[in-house]
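Chain and residue survey
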Amino acid sequence: MTAQKYTVLLYSDDQLIRERMRLAIGPRPADDVEVTFVEADTHGAVLRTLDGSEIDLLVLDGEAAPAGGLGIARQVKDDYTDAPPVLLVIARAADRWLASYANVEATILHPIDPMETAGTVADLLRKRAV
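What this report covers is the structure whose coordinates are included nearby. Here the structure is a predicted model, which is why all the values come from computation and not from measurement.

1. Remarks on helix H3 (residues 69-79)
- Of all the residues in H3, the buried ones are Gly-69, Ile-72, Ala-73, Val-76 and Lys-77. The buried residues of H3 occupy one face: seen down the axis, they fall within an arc of 130°.
- Against strand S1 (4-11), helix H2 (43-52), strand S3 (57-61) and strand S4 (86-90) lie the buried residues of H3.

If you want it as structure tokens, here you go:
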């Protein structure tokens, strides 16, 4: 089976969190899904990357500072007509309602679970391809 290739943007101000995201997703989160990663460590870098590249999925750290993934997700959904889906990494399950308000497609909790993360990423990318 030939895997469909996608580009995933990882955002966090913390390099360790971006590394955990990358490792949890892996280069091939499913047999039919292959990903290339692009990283951003600031709010501005996320927007510049979206403006200059074809991004299929945003994985945003909801705990990043000073710009949290929640605010970035809301801005992207408001400002981009064909915004990519967003997977938001949150610290508290109670924050899921905020993610819903920001039109985020999916959430996962810190600490990042590789099985859940890879499966969620693959599902979001498959839906994007349709």
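2. Observations regarding the pairing of strand S2 (residues 33-40)
- Where S1 lies against S2, 8 bridges are found, and the strand directions are parallel. For Lys-5, the partnering residue across the bridge sits in S2 and is Glu-34.
- Note on the crossover from S1 through helix H1 (residues 15-25) to S2: the handedness is right-handed.

3. Some details on the pairing of S3
- Buried residues dominate S3, accounting for 5 of its 5 residues.
- Side chains Leu-57, Val-59 and Asp-61 of S3 all project onto a buried face; the interleaved residues Leu-58 and Leu-60 project onto the opposite face, where all are buried too.
- Across 4 bridges, S3 lies against S4 in parallel orientation. Pairing of Val-59 across the sheet is with Leu-87, part of S4.
- Read as a crossover between parallel neighbours, the route from S3 over H3 to S4 is right-handed.

Cut-offs used in this document
Residues numbered from 1 in each chain as written. Predicted model: local features only at pLDDT ≥ 70, side-chain atom pairs only at ≥ 80, totals over all residues. Heavy atoms only, no water. Buried < 20%, exposed > 50% of the residue type's maximum accessible area, 1.4 Å probe, protein only. Helix = DSSP H or I, 4+ residues; strand = E, 2+ residues; numbered from the N terminus. Arc of directions from axis to C-beta. Contact = heavy atoms within 4.5 Å. Pairing = 2+ DSSP bridges. Right-handed = clockwise from strand over helix to strand, strands pointing away.

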